[in-house]
Amino acid sequence: MLVFSGAIRAADVSVGTATARPGQKATGFIQVPAGVDPAVNIAVIVVNGAKPGPTLALVSGSHGTEYASIVALQKLARSADPSELSGALIIVPLVNPASFVQKVPHLNPVDGKNMNRFYPGKLDGTQTERVSWAIGKQVVEKCDYLIDLHGGDLDENLRRYSYWAKTGKEPLDSTSRAMVLAFGLDHIIIQDNTAPARGAVSLSRFAVDMGKPAVIAEAGHAGTANLEDVDVLIHGSDNVMRHLKMLPGKAVPVEHPLWIGRLSVLTSEHDGVFYPVARPEAYVRQGMRIGYVTDYFGNPIWDALAPVSGVIVYIGAVPSMKKGDTVASIGELADAAQIPQR
Ligand SMILES: [Zn+2]
């Protein structure tokens, strides 16, 4: 039956083809029609709590080979219990299925675009832009809070961290700060979102610009889906739900986070074979050698020197290196004025 009056109550939650009544869970797809390139169906799970409350969106897999984040949301969706939830969850574990299926890091191989850079997207754009448009309408507009999960990609060795976006607006900043502390990762990178965005933006920036508090968390590295990384992302998401009073229990926030004020990315000046000599989480001084590149005969041709003093948040994990590729990302410790007061 297609139409039955009165059956859809106000408290039903619908995203794409998934509709969940209060106390129920539903799965479906956000259907993105074909345009200049093929159509794609994005899996979505809606968990509609038995009790009223806010709506939290949980998204991963914009980078389809950041596996720990994708596995984490799949597990979280399976274990989420609507009977103990206040409010609703919109869970999208894999925004970029082509990247996952074809094992292509960083980009959507359908159109060669980074799926975390094109919000709000375009209805008549390429696949990345059409998916971004659909996620904006179906997920971001329908949520009150957002968590975007990432990790080290196929070629990245990463130390777990989260991002907190400073906008200069209250209560947005204090709300998102409390969420990121509740998530529990002890390295937090401060993003300066005080200036207006120019052009297309990331998912979290898009949400924050709509006034919706957002957290980005990263765990996992180099094609792995280790249980400890997966569990950290699930536990952190659950803790944010506790903090938002969507789950019973108390969220224990991280007490002494290391605030990182700025990220500096070092890129390779040569094609060649990369050898790291420093690990993620290492504190390095400006000018310190953190790796080197050889030619294909093994002759060293370039030293990777730390551009700033700080913590290595990720460093190249594989020998493949081409000119312009990221060698490492180094976080400079925030100065006192940058560190938010509780
Ligand atoms: Zn990512």
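Throughout what follows, the structure given in this document is the object of discussion. Predicted model, so just to flag it, every value in this text is computed and none were measured. (Residues numbered from 1 in each chain as written. Predicted model: local features only at pLDDT ≥ 70, side-chain atom pairs only at ≥ 80, totals over all residues. Heavy atoms only, no water.)

Within the protein, the regular secondary structure consists of six helices and 19 strands. Seen through its C-alpha atoms, the protein measures out along the principal axes to roughly 75 × 50 × 40 Å. The burial tally for the protein puts 53% of its 342 residues in the buried class. Within the protein, contacts between residues separated by at least 24 positions form 70% of all contacts whose residues are at least 6 apart in sequence. Taken as two groups, the 31 positive and 33 negative side-chain charges of the protein have centres that lie 5 Å from each other. (Helix = DSSP H or I, 4+ residues; strand = E, 2+ residues; numbered from the N terminus. Buried < 20%, exposed > 50% of the residue type's maximum accessible area, 1.4 Å probe, protein only. Contact = heavy atoms within 4.5 Å. Lys, Arg positive; Asp, Glu negative; His and termini not counted. Charge placed at Lys NZ, Arg CZ, Asp CG, Glu CD.)

Turning our eyes to something else, we now look at unusual backbone geometry. Each neighbour pair has its own omega, and for Y119 with P120 the value is 10°, a cis peptide bond. In this structure, P120 sits in the loop between α2 (97-102) and α3 (127-140). Positive phi, normally seen in glycine, also occurs at H106, with a value near 70°. Within the element layout of this structure, H106 appears in the loop between α2 and α3. Of note, the phi angle at E281 is positive, near 85°, even though the residue is not glycine. For E281, the position within the fold is in the loop between β13 (272-276) and β14 (283-284). Its relative accessible area of 44% is what places E281 among the partly exposed residues.

A few words on the coordination of the zinc ion. Surrounding the zinc ion are the protein donor atoms H63 (ND1), E66 (OE), E66 (OE) and H150 (ND1), which sit 2.0 to 2.3 Å from the metal. One can describe the site at the zinc ion as irregular: its four donor atoms subtend angles covering 58 to 153° at the metal. Written as a sequence motif, the donor arrangement for the zinc ion is H-x2-E-x83-H. Here E66 is found in the loop between β5 (51-60) and α1 (67-79), whereas its partner H150 is found in strand β7 (residues 145-150), with 84 residues between them in sequence. (Donors = N, O, S within 2.8 Å, 3.2 Å for Na, K, Ca; no water. Tetrahedral: all angles 85-135°; square planar, octahedral: opposite > 155°, others 65-115°.)

Sheet architecture is open: four strands sit in the order β16-β15-β13-β18, paired in antiparallel fashion. Each edge of the open sheet is held by one strand with a lone partner, namely β16 (300-305) and β18 (320-321). As paired strands, β13 and strand β15 (residues 289-294) are joined by four bridges and run antiparallel to one another. Considered in β15, the bridge of V273 is made with T294. (Pairing = 2+ DSSP bridges.)

This part takes up the packing of α1 against helix α6 (residues 227-243). Running from N to C, α1 and α6 point in directions that differ by 55°, and their axes come no closer than 8 Å. With respect to each other, α1 and α6 are oriented oblique. As α1 packs across α6, the resulting crossing turns out to be right-handed. Together, A68, S69, V71, A72, K75 and L76 of α1 and L227, D229, V230, D231, L233, I234, S237, D238 and M241 of α6 make up the contact between the two elements. Residue composition of the contact of α1 with α6, grouped by class: nine nonpolar, two polar and four charged. (Axes fitted to C-alpha atoms, helices over the stretch in contact; angles between N-to-C directions. Parallel < 35°, antiparallel > 145°, perpendicular 65-115°, else oblique. Left-handed = near helix turned anticlockwise from the far one by under 90°. Nonpolar A, V, L, I, M, F, W, Y, C, P; charged D, E, K, R; others polar.)

Judged by nonpolar contacts, the single largest core of 40 residues is most densely connected at L58, L89, I91, F183 and M241. When residues no more than four places from it in sequence are discounted, the contact partners of F183 are I147, L149, V215, A217, V232, L233, G236, S237 and V240. The next biggest cluster of nonpolar side chains, apart from the first, holds 34 residues, and it includes V15, V44, V131 and C143. (Core = buried A, V, L, I, M, F, W, Y, C linked by side-chain atoms within 4.5 Å.)

For the coordinates displayed, the defined rule picks out eleven salt bridges. Note that D209 and R205 form a salt bridge whose closest N and O atoms lie 3.1 Å from each other. In this pair, D209 and R205 are both assigned in helix α5 (residues 203-209), four residues apart and thus about one turn of the helix distant. Given the relative accessible area of 41%, D209 is considered partly exposed. Here D325 ties to K322 by a salt bridge, and the two come within 3.0 Å at their closest N and O atoms. (Salt bridge = Lys/Arg side-chain N within 4 Å of Asp/Glu carboxyl O.)

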